[in-house]
Amino acid sequence: MEVVRLTVNGDERVCGVPAHYTLLETLRYGLGLTGSKQGCDKGDCGACTVVLDGKAVLSCLTPILEAEGRHVRTVEGLASGVEPHPLQDEFDLHGAAQCGFCTPGILCSAAALLDREPSPSREDIREALAGNLCRCTGYEKIYDAVEGAAARCRA
Amino acid sequence: MLRLHPFRYHRPETVAEAVQLLAQHGQEAMPVAGGTDLLPNMKHGLFRPGHVVSLNRIGELRGISTIAPPSNGHRPGDSFVRTTGATGGTAGHLRIGALETLHDISAHPDVRRRFPGLAEAAGLVAGPQLRNMGTIGGNVCLDTRCTYYNQTAFWRGALGHCLKKDGDTCHVTKTGKKCVAAHSADTPPNLIALGATLTLAGPNGRREVEAADFFIADGIRNTRRAPGEILTEVRIPLGRPSARSAYQKLRQRKSIDFPLLSVAVAGDFANDGSVASLKGVVSVLGARPRLLSDWEGLATGKPLNAGVIRDLAHRAWQQCRPLENVVGDAGWRRAMVPVCVGRALEKLAGLGTRPDR
Ligand SMILES: Cc1cc2nc3c(=O)[nH]c(=O)nc-3n(C[C@H](O)[C@H](O)[C@H](O)COP(=O)(O)OP(=O)(O)OC[C@H]3O[C@@H](n4cnc5c(N)ncnc54)[C@H](O)[C@@H]3O)c2cc1C
Ligand code: SF4
Ligand code: FES
Ligand code: FES
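*Asks:* So what exactly am I meant to see when it comes to the sheet that holds strand β9 (residues 244-250) of chain B here?
*Replies:* Adjacent strands of a sheet form backbone hydrogen bonds with each other and so pair up, either parallel or antiparallel. Residue and element names in this part refer to chain B. Read from one edge to the other, the open sheet built from four strands follows the order β9-β10-β11-β12, with strand pairing classed as antiparallel. Taken across any chain shown, the strands that pair with only one partner, and hence form the sheet edges, are β9 and β12 (290-291). Summarising the sheet, β9 and strand β10 (residues 261-269) pair through seven bridges and their orientation is antiparallel. By the bridge assignment, Ala246 is partnered in β10 with Val265. Its contacts with the sheet place helix α12 (residues 330-349) against β9, β10 and β11 (275-283), and it is angled at close to 150 degrees to β9.

Okay, here's the thing in structure tokens:
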């Protein structure tokens, strides 16, 4: 067992996990944060995407000890209290989530994009989400939603 | 769900400490950087190191910097700076630390300006999250790939294990006794075409290997890196301002996928626009990127026009035979060799790029 300290969605967390756990397993099975999805578990799908120190990364391929002392943002950390994040609101308005399995990862990739680029072009959005597979939506509604959220964040 | 096996995770802060840990634990230890190749492979049961040595806290392995040539015009004593290379001329070099991520390399202004082929290749690896994680060191040391290898232990066991892992036959060559798994990393063909040098640190100190000599035609261990060695940096000679480079990658989708074929070209041009030097590297054939031979002569002294490009593409086709080692019919991949070589050369010639397919 390793005692690992990290900041998750602004809160200092300490948990005891084996060294061979990934960040995803720690979030889901150590901290009860099951928003990040365990899809392929080997880097193909992006469902496990979280924001680590400002960058979108795959938590299924991040050894937990690499996250020690760092800041992790997951889908659970997007809303402010009962107020959804503009991305979440726009996903709802555009019908950008169908089965929803890809959604937490896509929201995290999109949140990292909006943090570094408040006025992304359609192409920037496509690029930023190019590592997130969605089997349901055909992506267009997702791009619409991210564009809408970017406009609202700027307003 | 794909679980990792239990291991000890070490986080040394210096190269010396990392080398010492690797020496101490011998065959039981493996280095890890971004983990984007090693973790999937461990999850598939292809490697089970009891000790994983993370390189991520070693500051010395970071940084991208341009080392200018000495202003006095003399040949520098620094043996890293070479007077000849793919692009010719004494002009200093670009140093890229092994831990630099593919994203940071693809976005770096000096890399983009001087080595557009390398910047493009780094920017085409996998998808954005993996480029935030994956490093150039891991890309250079990437394990070879094969349809029959990059699978779960259950899958491999069902078919019968192969030479590369636990078995004694090759499912690709059937009768062959050699593994021909594909070199599948995007940056090395560019590093070879650009005449880059790699620095390795091991128990006996540091040594340099030309990128062109680093890879060997053995799918099981396709590099000259000894297991206890760490790649510390890549140095690329700057060449003359007229030097250019380009990259072309074939894959199923425009993102996430490994290359099914890759072509890196680097050349220099005389004042009249004719070709002064030219190198071409094609990969994802067997375990080693192929430096095209008997090739440059078709172009030197001539402008890089459509006819010359056609000749170069045909010569490449004659030399390159993709195998059924990765997805995509080998016959189709062979037919795409001249197409991809032609597109890379069109980019190099500045003939306008076609939309990537
Ligand atoms: C879905 C998916 C798609 C991908 N697509 C591509 C692609 O299109 N093109 C491509 O090139 N790659 C691709 N990759 C592979 C990988 O993401 C990249 O090659 C990346 O650059 C590997 O770097 P890393 O730091 O993550 O390597 P790691 O996984 O950390 O290491 C890879 C290997 O190199 C060794 N190693 C790492 N660093 C060093 C060092 N400094 N010295 C000595 N040994 C070292 C490790 O022991 C290991 O054996 C893909 C991976 C996934 C999961
Ligand atoms: S080329 Fe042959 S031996 Fe090598 S991984 Fe593929 S099936 Fe196995
Ligand atoms: S679960 Fe991590 S990429 Fe699919
Ligand atoms: S909404 Fe179902 S996978 Fe994207």
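*Asks:* When you look at the pattern of salt bridges in this model, what are you seeing that I'm missing?
*Replies:* Two side chains bearing opposite charge may form a pair once their charged atoms approach each other closely. For the structure shown, the criterion picks out 25 salt bridges over all chains. Its salt-bridge partner being Arg131 of chain B, residue Glu127 of chain A comes within 3.5 Å of it at the nearest N-O pair. Placement of the pair is Glu127 of chain A in helix α4 (residues 122-128) and Arg131 of chain B in helix α6 (residues 128-133), with the two residues belonging to separate chains. Given the relative accessible area of 40%, Glu127 of chain A is considered partly exposed. For Lys249 of chain B, the salt bridge identified is with Asp186 of chain B, shortest N-O distance 2.8 Å.

*Asks:* Can you help me understand the domain arrangement of chain B in this one?
*Replies:* Interfaces are often sized by the amount of accessible area the parts lose when they come together. Residue and element names in this part refer to chain B. Along its sequence, chain B is organised into domain 1 (60-142 + 182-237) and domain 2 (248-349). The C-alpha-based centres of domain 1 and domain 2 are spaced at 20 Å. Taken over both partners, the interface formed by domain 1 and domain 2 buries close to 1900 Å², and the fraction arising from carbon and sulfur atoms is 60%. Where domain 1 touches domain 2, the interface holds two salt bridges. Where Glu120 meets Lys347, a salt bridge forms, and the shortest distance between an N and an O atom there is 2.9 Å. Linking domain 1 to domain 2 there are eleven residue pairs in polar contact (both at pLDDT 80 or more).

*Asks:* What is the right way to look at the packing of helix α2 (residues 86-94) of chain A against helix α3 (residues 103-116) of chain A in this model?
*Replies:* Packed helices, taken two at a time, are described by their axes: the angle between them and the distance between them. All names here are of chain A. One can describe the packing of α2 onto α3 by two numbers: an axis separation of 10 Å at closest approach and a directional angle of 130 degrees. Between α2 and α3, the angle is such that the two are oblique. Our pair here, α2 against α3, has a crossing hand that is right-handed. Residue-level contacts link Leu87, Gln88 and Phe91 of α2 to Thr103, Ile106, Leu107, Ala110, Ala111 and Leu114 of α3. The class makeup of the residues in the contact of α2 with α3 is seven nonpolar, two polar and no charged.

*Asks:* Would you explain the environment of Leu198 of chain B in this entry?
*Replies:* Residues and elements named next belong to chain B. Relative to the helices and strands, Leu198 is located in strand β6 (residues 197-202). The sequence separation of Leu198 and Thr14 amounts to 184 residues, and the corresponding C-alpha distance is 18 Å. Not counting the four nearest positions on each side in its chain, Leu198 is found in contact with Val140, Arg207, Glu208, Val209, Ala211, Phe214, Leu231, Glu233 and Val234.

*Asks:* Help me out: how do you make sense of the environment of Lys37 of chain A in this one?
*Replies:* All names here are of chain A. Along the chain, Lys37 falls in the loop between α1 (23-30) and β3 (49-52). When neighbours within four sequence positions are excluded, Lys37 is seen to be in contact with Leu24, Arg28, Ala47, Cys48, Phe101 and Pro104. There is a polar contact of 2.7 Å between the side chain of Lys37 and the backbone oxygen of Thr34. Separated by 3.1 Å, the side chain of Lys37 and the backbone oxygen of Gly35 make a polar contact.

*Asks:* Where do I start with the site of ligand 2 in this structure?
*Replies:* Every residue near ligand 2 is listed here: Cys146, Tyr148, Tyr149, Cys162, Leu163, Lys164, Cys170, His171, Val172, Cys179, Val180 and Ala181 of chain B. In terms of residue class, the shell around ligand 2 is built from ten nonpolar, one polar and one charged.

*Asks:* Where do I start with the site of ligand 1 in this structure?
*Replies:* Residue and element names in this part refer to chain B. Every one of the 37 residues lining ligand 1 counts as a neighbour, but Pro31, Ala33, Thr36, Thr135 and Asp186 are closest to it. Within the backbone of Pro31, an N or O atom sits 2.5 Å from an oxygen atom of ligand 1. At 2.6 Å from an oxygen atom of ligand 1 is found a side-chain nitrogen or oxygen belonging to Thr135. Expressed as a share of its isolated accessible area of 980 Å², the protein-covered part of ligand 1 is 98%. Among the elements of the structure, β2 (29-32), α7 (136-140) and β8 (230-237) are those that each provide at least two residues to the shell around ligand 1. Its residues assigned to classes, the shell around ligand 1 shows 19 nonpolar, ten polar and eight charged.

*Asks:* Would you take a moment to explain the domain arrangement of chain A for this structure?
*Replies:* Residues and elements named next belong to chain A. Domain annotation of chain A identifies domain 1 (2-77) and domain 2 (86-154). Relative to domain 2, the C-alpha centre of domain 1 lies at a distance of 21 Å. Opposite the 16 residues of domain 1 that make contact, domain 2 presents 13 residues. Summed over both partners, the interface of domain 1 with domain 2 comes to about 1000 Å²; 64% of that surface belongs to carbon and sulfur atoms. It is Lys37, Thr49 and Val75 in domain 1 that bury the most area against domain 2; as a group they hold 38% of the surface buried on that side. Applying the counting rule to domain 1 against domain 2 returns one salt bridge. One salt bridge in this structure joins Asp115 and Arg73, with 3.2 Å as the shortest N-O distance. There are four residue pairs in polar contact (both at pLDDT 80 or more) connecting domain 1 and domain 2. Among the elements that make up the side of domain 1 that touches domain 2, the one with the highest residue count is β3 (three residues). A per-class count over the side of domain 1 that touches domain 2 returns six nonpolar, seven polar and three charged.

*Asks:* What is the right way to look at the sheet that holds strand β2 (residues 11-17) of chain A in this model?
*Replies:* All names here are of chain A. Strand order in the open sheet made by the five strands is β2-β1-β5-β3-β4, with mixed pairing throughout. The open sheet is flanked by β2 and β4 (55-58), the only strands paired with a single partner. Here the average twist between neighbouring strands, direction ignored, is 40 degrees. Where β3 lies against β4, four bridges are found, and the strand directions are antiparallel. Pairing of Thr49 across the sheet is with Leu58, part of β4.

So, how was this worked out
- Residues numbered from 1 in each chain as written.
- Chains lettered and ligands numbered in written order.
- Predicted model: local features only at pLDDT ≥ 70, side-chain atom pairs only at ≥ 80, totals over all residues.
- Heavy atoms only, no water.
- Pairing = 2+ DSSP bridges.
- Helix = DSSP H or I, 4+ residues; strand = E, 2+ residues; numbered from the N terminus.
- Contact = heavy atoms within 4.5 Å.
- Axes fitted to C-alpha atoms, helices over the stretch in contact; angles between N-to-C directions.
- Salt bridge = Lys/Arg side-chain N within 4 Å of Asp/Glu carboxyl O.
- Buried < 20%, exposed > 50% of the residue type's maximum accessible area, 1.4 Å probe, protein only.
- Domains from an automatic or database assignment.
- Buried area = accessible area lost by both parts, 1.4 Å probe.
- Polar contact = N/O pair within 3.5 Å; in protein donor to acceptor, adjacent residues only side chain to side chain.
- Parallel < 35°, antiparallel > 145°, perpendicular 65-115°, else oblique.
- Left-handed = near helix turned anticlockwise from the far one by under 90°.
- Nonpolar A, V, L, I, M, F, W, Y, C, P; charged D, E, K, R; others polar.
- Near = heavy atom within 4 Å.
- Areas by Shrake-Rupley, 256 points an atom, 1.4 Å probe, with all protein chains shown as cover.

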